[in-house]
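Geometric and topological summary
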Amino acid sequence: MKHLYGLIGNPVSHSMSPDIHNSAFQDLNLNYYYQAFHVENSDLADAIKGIKSLGIKGFNVTVPHKVSIMEYLDDVDESAKQLGAVNTVLHENGKLIGYNTDGNGFLQSIKPSLSKPLEKNSILVIGAGGAARAIYYTLSKFAPEKIDICNRTLEKAVYLIEHFGAGQRGEALTIQEAESNLSEYDVIIQTTTIGMHPDTAEKPISLKMAKDNSLVCDIIYNPLKTALLKEAEAKGLQTLNGVGMLVEQAALSFHIWTGMKPNTEKMAEIIVGKLGGEHVNR
Ligand code: NAP
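Residues numbered from 1 in each chain as written. Predicted model: local features only at pLDDT ≥ 70, side-chain atom pairs only at ≥ 80, totals over all residues. Heavy atoms only, no water.

**A word on the side chain of Ser122**
- Checked against the element boundaries, Ser122 lands in strand β7 (residues 122-126).
- A polar contact is formed between the side chain of Ser122 and the backbone oxygen of Glu184, at a distance of 3.0 Å.
- Dropping the residues within four chain positions of it, Ser122 is found in contact with Glu145, Lys146, Glu184, Tyr185, Asp186 and Val187. (Helix = DSSP H or I, 4+ residues; strand = E, 2+ residues; numbered from the N terminus. Polar contact = N/O pair within 3.5 Å; in protein donor to acceptor, adjacent residues only side chain to side chain. Contact = heavy atoms within 4.5 Å.)

**Overview of the packing of helix α1 (residues 17-27) against helix α9 (residues 243-258)**
- For the pair α1 and α9, the least separation of the axes is 11 Å and the interaxial angle reads 50°. Considering their axes alone, α1 and α9 lie oblique with respect to each other. Crossing hand, α1 versus α9: right-handed. On the side of α1, the interface is formed by Ile20, His21, Ala24 and Phe25, while α9 contributes Ala250, Phe254, Trp257 and Thr258. (Axes fitted to C-alpha atoms, helices over the stretch in contact; angles between N-to-C directions. Parallel < 35°, antiparallel > 145°, perpendicular 65-115°, else oblique. Left-handed = near helix turned anticlockwise from the far one by under 90°.)

**Quick word on the site of the ligand**
- In the neighbourhood of the ligand, 20 residues make up the surrounding shell, with Ala131, Asn151, Thr153, Met196 and Ile219 lying closest.
- Contacts to the ligand include Gly242, whose backbone N or O atom sits 3.0 Å from a nitrogen atom.
- When the free accessible area of the ligand is taken as 930 Å², the share hidden by the protein chains comes to 73%.
- Among the elements of the structure, α5 (130-140) and α9 are those that each provide at least two residues to the shell around the ligand.
- Grouping the constituent residues of the shell around the ligand by class yields 9 nonpolar, 9 polar and 2 charged. (Near = heavy atom within 4 Å. Areas by Shrake-Rupley, 256 points an atom, 1.4 Å probe, with all protein chains shown as cover. Nonpolar A, V, L, I, M, F, W, Y, C, P; charged D, E, K, R; others polar.)

**Side note on the side chain of Ser79**
- In this structure, Ser79 sits in helix α3 (residues 78-83).
- Each residue touching Ser79, except ones within four places of it in the same chain, is listed here: Asn100 and Tyr137.

**Some details on the nonpolar core**
- Among the nonpolar cores identified, the biggest contains 28 residues, and Phe106, Leu139 and Ile189 are the most heavily contacted of them.
- Listed by contribution, the elements that provide at least two residues to this core are α4 (102-110), β7, α5, β8 (146-150), α6 (154-164), β10 (187-190) and β11 (215-218).
- Once you skip the residues sitting within four places of it in the chain, Phe106 turns out to touch Ile135, Leu139, Ile189, Cys217, Ile219 and Met245.
- In this structure, Ala36, Leu224, Val247 and Ala268 belong to the second largest nonpolar core, which totals 23 residues. (Core = buried A, V, L, I, M, F, W, Y, C linked by side-chain atoms within 4.5 Å. Buried < 20%, exposed > 50% of the residue type's maximum accessible area, 1.4 Å probe, protein only.)

In structure tokens:
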């Protein structure tokens, strides 16, 4: 039987989710199809009614509906509830159930790059927006040596530490403070929008003080190599771009819908290919 899945958001025209999910459906011989739907804020309630009545089996949720979708769902899984945001919905037995795969998607993507167990790392998160919240919440549960947050708006970093740190001790820092303390961190995770296409020359922080064996992650995937990752590479530091997180959060959504694991290497190749890259940098 043909099942329909999808994405709701605004904008969605540049989303690569249809490419990776449809490819995975084909690979696994599933007669399913994934379609992106542009949904305005004022149409969200109607869109949800349509999803229910048309029997769409599951969908992803992106900006600007990740928070507002929650009031239309029948149930929300614990971590999505804690985070106050949903990026994946399963439609099962007439009920819509919300999940958030962003934090675990990042966790899956960083695991192969860590040189020691997560809990032994000292971590800095740059940024305090929605993605930072999911990453901070997920990583804090492992009780790393330290996990600090720096952000342009300091109060937002303080808020994340107070509400999403799972009892973890952490400091909220200004960007300048973090920049001069950079040698304290094994892992630096950049989650702001700075450096994203088209403003590719911009960097949220200087890596001058970063220690030699640190890992620098940038969750941006367009461009594949941000100015920050270029600086890290030039310093000989280990790097990780946002393709892995994008793929892994999608793979977790796919698993919620189908119970199956897609080929994440192939998903990454599709994304890198669409972004004009030649090889998978994960
Ligand atoms: P968001 O909620 O809007 O948060 C934006 C963050 O960027 C905030 O910390 C904000 O600081 C900071 N920022 C924006 N402009 C700035 C500037 N000019 N100077 C200093 N800081 C600035 O966005 P988000 O949803 O967390 O997404 C952030 C980035 O992550 C985007 O590039 C997105 O594409 C990427 N992302 C990637 C994945 C993936 O799968 N790879 C998943 C989710 C998101 P203030 O708090 O001071 O405003």
